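Single-letter residue listing:
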Amino acid sequence: MGPILIAFALAVLAWMLVVGDLVRRHRPVWHWYLAGYPATAFRVVATWRRVALLNDLSVSRRPPRGLLGDLVVKGDPLRPLIPRASFPRASRMGLAVTVRLHAGQTPATYMKAADALVHAWKVHAVRVTSPERGLVLLTATATDPLQRPGLATAPAELLSALIGVLESGGAWVMNLRLVPHWLIAGATRSGKSTLLARLITQLVAQPVALVGIDCKGGMELGLFADRLSALATCRKEAVTVLFALAADMRDRMSVCRSAGVRSVWELPEKLRPVPIVVIVDEIAELYLSDGTRESKTEAEQCSTLLLRLAQLGAALGLHLIVAGQRVGSDLGPGVTALRAQLGGRICHRVNDPGTAEMTLGDLNKDAVAVAQSITAEERGVAVCTGPDGGWSRARSHLTPTEEAVSTARKYSALTPQLPALVRALAVVEGESK
């Protein structure tokens, strides 16, 4: 009977290990809630006192110095007070602990202790934030969710694109209704083009018009020409397209004024014009000048028209996605003014600190430092802003070029017609011939 029970127990154990491994690989969130969170929560509770003592997170009511006769004696005070921490609250692929600060403490001390918390709790990362005065929020991430960005999910919404996964494990979503305009920076082979391909594949099935401006001869955005309502492949064509969009924007203003509303989204659906998403690849090509009068004029026109679209387009259903390898103030004051209108920011690995500063510096200095630490091996990893004004590391879902092109071709019949843009581009092409 004994050997049979042992064999049965071993079989059950083997079955549990196999099932556990399958759950961990295919349903990591379930595995975390069932097995990972209880073990990690126990480690947090068991190690909190020791970690607080060893990393100077504790305080004492008594001063660290005292008089012994005529001598002043300094040392560590006895009977330290450990900061009060809440019980770990489970989240998707992580947990959170709220700590109440003692008088005189600041979150900076906890930021220095973040690495110690990572090792003590055996988690991937610990992020320290202060949601309100006197409190520190320790957010632990169990594993690196950026390794498998394709697991994230999000509900489908108009002008909303599931890009990838956030470091917290949540879905990385670009919602143009919430944040109407975006700036995307990234060096060659940093993942910028992959992100744009992912964005396009998410938008092509929606009732929106896509307009491309790719002054590299259309090498990037030309791949999706079957689903683009218009494509400008040089700066002269870009000026023409932007002028046509500005005229369309004035028409939309007239419609809203006649209907007595302040936004196209307040119009009845049958009167609402189709939303337009303008994707600009390599913004520097629109601003650089070779010194000739014609070149300077075109650059100034591009600067002025892009700024107008960014300032007025959100309420009129016109949205800007501006991407570039290098975005700096050396391109002219128009870039800085445009940057101020692009509330959404995404910064991949960049070759110069100025681009990271231009992309994220006016929002958060810590985000700039994190963006500059992205390595060449972390392709697709970026620092992005969220609708709440915060920032996070994220990774876009890998979308092969072939898949993106075939998806754009599949939905080519949904391409809205923008006759004014088509006519304007036809005139430019005729003049160039």
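Residues numbered from 1 in each chain as written. Predicted model: local features only at pLDDT ≥ 70, side-chain atom pairs only at ≥ 80, totals over all residues. Heavy atoms only, no water.

Student: Hey, could you run me through the side chain of lysine 192 in this one?
Tutor: Structurally, lysine 192 is set in helix α5 (residues 192–203). The contact partners of lysine 192, leaving out residues within four places of it in the chain, are Ile184, Ala185, Gly186, Asp281, Ala323, Gly324, Gln325 and His348. (Helix = DSSP H or I, 4+ residues; strand = E, 2+ residues; numbered from the N terminus. Contact = heavy atoms within 4.5 Å.)

Student: Help me out: how do you make sense of the UniProt feature "binding site: ATP" (unreviewed entry) in the protein in this one?
Tutor: Here, the residues flagged by UniProt with the feature "binding site: ATP" (unreviewed entry) are Gly186, Ala187, Thr188, Arg189, Ser190, Gly191, Lys192 and Ser193. As for its placement among the helices and strands, alanine 187 is situated in the loop between β10 (182–185) and α5. Judged by relative accessible area, which is 3%, glycine 191 ranks as buried. Residues in contact with glycine 191, not counting those within four places in the same chain, are His348, Arg379, Gly380 and Ser396. (UniProt positions renumbered as here; feature names shortened; annotations may be inferred. Buried < 20%, exposed > 50% of the residue type's maximum accessible area, 1.4 Å probe, protein only.)

Student: Could you clarify how one ought to interpret the environment of alanine 238 in this entry?
Tutor: Topologically, alanine 238 is positioned in helix α6 (residues 235–259). Looking at alanine 238, the relative accessible area reads 0%, which means it is buried. Residues alanine 238 and cysteine 215, spaced 23 residues apart in sequence, show a C-alpha to C-alpha distance of 7.8 Å. If sequence neighbours within four positions are ignored, alanine 238 has contacts with Ile213, Cys215, Ala232 and Leu286.

Student: Would you take a moment to explain the packing of α6 against helix α8 (residues 293–312) for this structure?
Tutor: Axes are the key here: two packed helices are described by the angle between their axes and the distance separating the axes. Their axes nearest at 9 Å, the elements α6 and α8 cross at an angle of 30°. With respect to each other, α6 and α8 are oriented roughly parallel. As α6 runs across α8, the sense of the crossing is left-handed. Of α8, the residues touching α6 (which contributes Arg235, Lys236, Val239, Leu242, Phe243, Leu245, Ala246, Met249, Arg250 and Met253) are Ser295, Glu298, Ala299, Gln301, Cys302, Leu305, Leu306, Arg308, Leu309 and Leu312. Classifying every residue of the contact of α6 with α8 gives 13 nonpolar, 2 polar and 5 charged. (Axes fitted to C-alpha atoms, helices over the stretch in contact; angles between N-to-C directions. Parallel < 35°, antiparallel > 145°, perpendicular 65-115°, else oblique. Left-handed = near helix turned anticlockwise from the far one by under 90°. Nonpolar A, V, L, I, M, F, W, Y, C, P; charged D, E, K, R; others polar.)

Student: I keep staring at the packing of aromatic side chains and nothing clicks. Help me out?
Tutor: Pairs of aromatic rings are described using the distance from one ring centre to the other and the angle between the two planes. Under the definition given, this model contains 0 aromatic pairs. Here the basic side chain of arginine 127 rests over the ring of tryptophan 391, its NZ or CZ set 4.2 Å away from the ring centre. The lysine or arginine in question, arginine 177, covers the ring of tryptophan 265, its NZ or CZ lying 3.9 Å from the ring centre. (Phe/Tyr/Trp six-rings, centres within 6.5 Å; stacked < 30°, edge-to-face > 60°. Lys NZ or Arg CZ within 6 Å of the ring centre and 35° of its normal.)

Student: I'm lost on the sheet that holds strand β15 (residues 344–347) in this one. Help?
Tutor: Strand pairing in a sheet relies on backbone hydrogen bonds, with the paired strands running either antiparallel or parallel. Spatially, β9-β8-β17-β16-β15-β10-β14-β13-β11-β12 is the arrangement adopted by the 10 strands of the open sheet, whose pairing is mixed. Every other strand in the sheet has two partners, leaving β9 (171–175) and β12 (230–232) as the edge strands with one partner each. Within the sheet, the average angular offset between the axes of one strand and its neighbour, ignoring direction, is 25°. As judged from the 6 bridges shared by strand β11 (residues 209–214) and strand β13 (residues 276–281), these two strands associate in the parallel manner. In the sheet register, glycine 212 faces β13, and the bridge partner there is isoleucine 279. Sheet strands touched by α5: β8 (160–166), β9, β10, β11, β13, β14 (318–324), β15 and β17 (391–396). Its angle to β8, the strand with the most contacts, is close to 135°. (Pairing = 2+ DSSP bridges.)

Student: Would you explain the pattern of salt bridges in this entry?
Tutor: As enumerated under the stated definition, the model contains 7 salt bridges in all. A salt bridge links aspartate 281 to lysine 192; the nearest nitrogen and oxygen atoms lie 3.7 Å apart. Here aspartate 281, found in strand β13, pairs with lysine 192, found in helix α5; they are 89 residues apart in sequence, far enough to count as distant. Aspartate 281 sits in the buried class, given a relative accessible area of 2%. With a closest N to O distance of 3.4 Å, aspartate 226 and arginine 409 form a salt bridge. (Salt bridge = Lys/Arg side-chain N within 4 Å of Asp/Glu carboxyl O.)

Student: Sorry, what's going on with the nonpolar core here?
Tutor: In globular proteins that are soluble, nonpolar side chains generally tend to be buried together. Counting residues in hydrophobic clusters, the biggest one holds 78 residues, and the most contacted among them are Leu286 and Ile321. It is α6 that contributes the most residues to this core, 9 residues altogether. If near-sequence neighbours (up to four positions away) are discounted, isoleucine 321 is found in contact with Met174, Leu176, Trp182, Ile184, Leu196, Leu199, Val277, Val278, Ile279 and Val280. Residues Trp32, Met93, Val128 and Ala140 belong to the second largest nonpolar core, which totals 28 residues. (Core = buried A, V, L, I, M, F, W, Y, C linked by side-chain atoms within 4.5 Å.)

Student: Got a minute to help me understand the pairing of β14 in this structure?
Tutor: In the case of a regular strand, side chains alternate between the two sheet surfaces. Taken across its 7 residues, β14 has 7 buried, putting it largely inside the fold. Pairing between β13 and β14: 6 bridges, direction parallel. Opposite isoleucine 279, over in β14, you have isoleucine 321 as the bridge partner.

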